[in-house]
Amino acid sequence: MELAYSPEEEDFRARLRAWLAEALPTLPPKPPPDDWPARRAFDLGWQRMLHDAGYAGLRWPVDAGGRGATPTQHLIFLEETEKAGAPYVGANFVGLLHAGPTIAAEGTPEQRARWLPPVLRGEEVWCQGFSEPEAGSDLASLRTRAWRDGDTYVVSGSKIWTSHAEVADWCELLVRTDPSAPRHRGITWLAMPMDAPGVTVRPLRTLAGSNEFAEVFLDEVRVPVANRVGAENDGWRVTMVTLSFERGTAFVGEVVACRRVLRELARAAHASGRWDDAPLRRRLGRLNAEFRALWRLTQWNVSEAERTGGVPGVGGSVFKLRYSHARQELFDTAAEVLGADCLDLGHPWVVDRLSSLSYTIAAGTSQIQENIVAERILGLPKGR
């Protein structure tokens, strides 16, 4: 990637800054963290503002309703919205960063026309139904069944850690359609309406006290065959497309946020007198280097995705692996700077520290990422 910005890119940045300066003061107060219906409305409202201003789906293809922006424009957008304190995608996370890009890459024209515009306009929310109680890191061992009955699939089973299920309209759902096939070859990717009869949602409370995850129970839920993305039993390949977006580009905005937290940590250390602690200064300096390197890796991954048709490659696993551990170390350092205040759950850094513990598990455990890097990048033999 060319690291210098062109006049056109700087003009894009200036226009975005000007719009943010006008738009952000008009937002309503942010809802309480545990009021997900209100958060859904807030997040969808912000998405609608982005859409009306021409900033929705910047990196999505034009024929999928996006703007078809360059990778550099996308990164400028992420930098500027984070610096301005703009809302993150929130409840729109799965639709904008997982399901939407997957449908844009793998869906039929009819599927793209049905599902992508409502995501971009801030009208519908998606959740992710991948993990199961006994199929987390080993996703290919999932057991939720789906069998054909005419022009519908009948689905029974359960999912866990289903993001935003309690406020979602649709679920990107993995099901086993051929139990006799090798486990990676009998899986199908479906778009399931969350209001279908037989769907039961049971919210889960996390260590940080939030409830953005849920268990989802499926009792002979009928899903039209027309809602299948990709061919029957080809869902594992489609899932790899979804996971490449999840690991390759979905965390991009969070790198910018972590760099901001790092600057705030340095100021807090100065204010508290902790800056005289040489080991702490070294730790902050090393973290600064880590996140600068992660930002460069982000730029490379986004550019690589551009060269390969918009789907991130295995470099996303390198990023996910290192970012997960760097984020945990960042908020461990924040606890050190906070001192006794690190026990105050009202402090955002404390909540972020608790949530950071999940990052080496979510979106594929660090052990899974290490295997991917070893086998697909380094060419090492598969582990036994």
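The structure under discussion appears in the preceding block.
Residues numbered from 1 in each chain as written. Predicted model: local features only at pLDDT ≥ 70, side-chain atom pairs only at ≥ 80, totals over all residues. Heavy atoms only, no water.

**Student:** How do you make sense of helix α2 (residues 36–53) when you look at a structure like this?
**Tutor:** The α-helix advances 3.6 residues per turn, and as a result positions three or four apart in sequence lie on the same side. Here α2 is 18 residues long and its end C-alpha atoms lie 25 Å apart, about the 26 Å a rise of 1.5 Å per residue gives. Those residues of α2 lying buried are Trp 36, Arg 40, Phe 42, Asp 43, Leu 44, Trp 46, Gln 47 and Leu 50. Tucked inside the fold, the buried residues of α2 contact α1 (7–23), α3 (71–83), α4 (93–106) and α5 (109–121). Among the residues trailing α2, Gly 54 stands out with phi positive, at a value near 85 degrees. (Helix = DSSP H or I, 4+ residues; strand = E, 2+ residues; numbered from the N terminus. Expected span 1.5 Å × (residues − 1). Buried < 20%, exposed > 50% of the residue type's maximum accessible area, 1.4 Å probe, protein only. Contact = heavy atoms within 4.5 Å.)

**Student:** Just to check I follow, could you spell out α5 for this structure?
**Tutor:** End to end, α5 covers 18 Å across 13 residues, agreeing with the expected 18 Å (1.5 Å per residue, within 8%). For α5, the principal kink sits at Trp 115 and spans about 25 degrees; a proline, Pro 117, occurs within the next four residues. Here α5 has its buried residues at Gln 111, Arg 112, Trp 115, Leu 116, Pro 118, Val 119 and Leu 120. Considering only its buried residues, α5 is in contact with α2, α4, β1 (126–129), β4 (170–176), β5 (187–193) and β8 (228–229). Phi turns positive one or two residues past the end of α5, at Gly 122, with a value near 75 degrees. (Bend = angle between axes of the 7 residues up to and from the residue.)

**Student:** What is the right way to look at unusual backbone geometry in this model?
**Tutor:** It is generally the case that most residues other than glycine have a negative phi and that most peptide bonds are trans. The residue His 164 is not glycine, and still its phi comes out positive at about 60 degrees. Relative to the assigned elements, His 164 resides in the loop between β3 (152–159) and β4. The backbone phi angle of Asn 233 is positive, close to 70 degrees, even though this residue is not glycine. Position of Asn 233 relative to the elements: it lies in the loop between β8 and α6 (235–248).

**Student:** For this particular structure, what's the right way to read the packing of aromatic side chains?
**Tutor:** In this description, an aromatic ring pair is defined by two values, namely the gap between the centres and the angle between the planes. One pass over the full model with this rule turns up 8 aromatic pairs. Pairing Phe 12 with Tyr 55 gives two aromatic rings, centres 6.1 Å apart and planes at 70 degrees, and the pair type is edge-to-face. Of this pair, Phe 12 sits in helix α1 while Tyr 55 sits in the loop between α2 and α3, and the two are 43 residues apart along the sequence. With 5.9 Å between their ring centres and 85 degrees between their planes, Trp 161 and Phe 213 make a pair best called edge-to-face. You can see Trp 161 sitting in the loop between β3 and β4 and its partner Phe 213 sitting in strand β7 (residues 213–224), a full 52 residues away along the chain. Taking the relative accessible area as the measure of exposure, Trp 161 reaches 48% and is therefore partly exposed. Aromatic ring contacts, followed pair by pair, group Phe 12, Trp 19, Trp 46, Tyr 55 and Phe 77 into a single cluster. One Lys or Arg, Arg 39, reaches over the ring of Trp 36 and ends 3.9 Å from the middle of that ring. Positioned over the ring face of Tyr 153 is Arg 148, at 5.5 Å from the centre of the ring. (Phe/Tyr/Trp six-rings, centres within 6.5 Å; stacked < 30°, edge-to-face > 60°. Lys NZ or Arg CZ within 6 Å of the ring centre and 35° of its normal.)

**Student:** Looking at this structure, I do not really get the packing of α2 against α5. What am I missing?
**Tutor:** The relative placement of two packed helices comes down to the angle between their axes together with the axis-to-axis distance. At their nearest, the axes of α2 and α5 sit 7 Å apart, and the two run at 100 degrees to each other. One element, α2, and the other, α5, form an angle in the roughly perpendicular class. Along its contact with α2, which presents Gln 47, Arg 48 and His 51, the element α5 presents Val 119, Leu 120 and Arg 121. Along the lines of polarity and charge, the residues of the contact of α2 with α5 split into 2 nonpolar, 2 polar and 2 charged. (Axes fitted to C-alpha atoms, helices over the stretch in contact; angles between N-to-C directions. Parallel < 35°, antiparallel > 145°, perpendicular 65-115°, else oblique. Nonpolar A, V, L, I, M, F, W, Y, C, P; charged D, E, K, R; others polar.)

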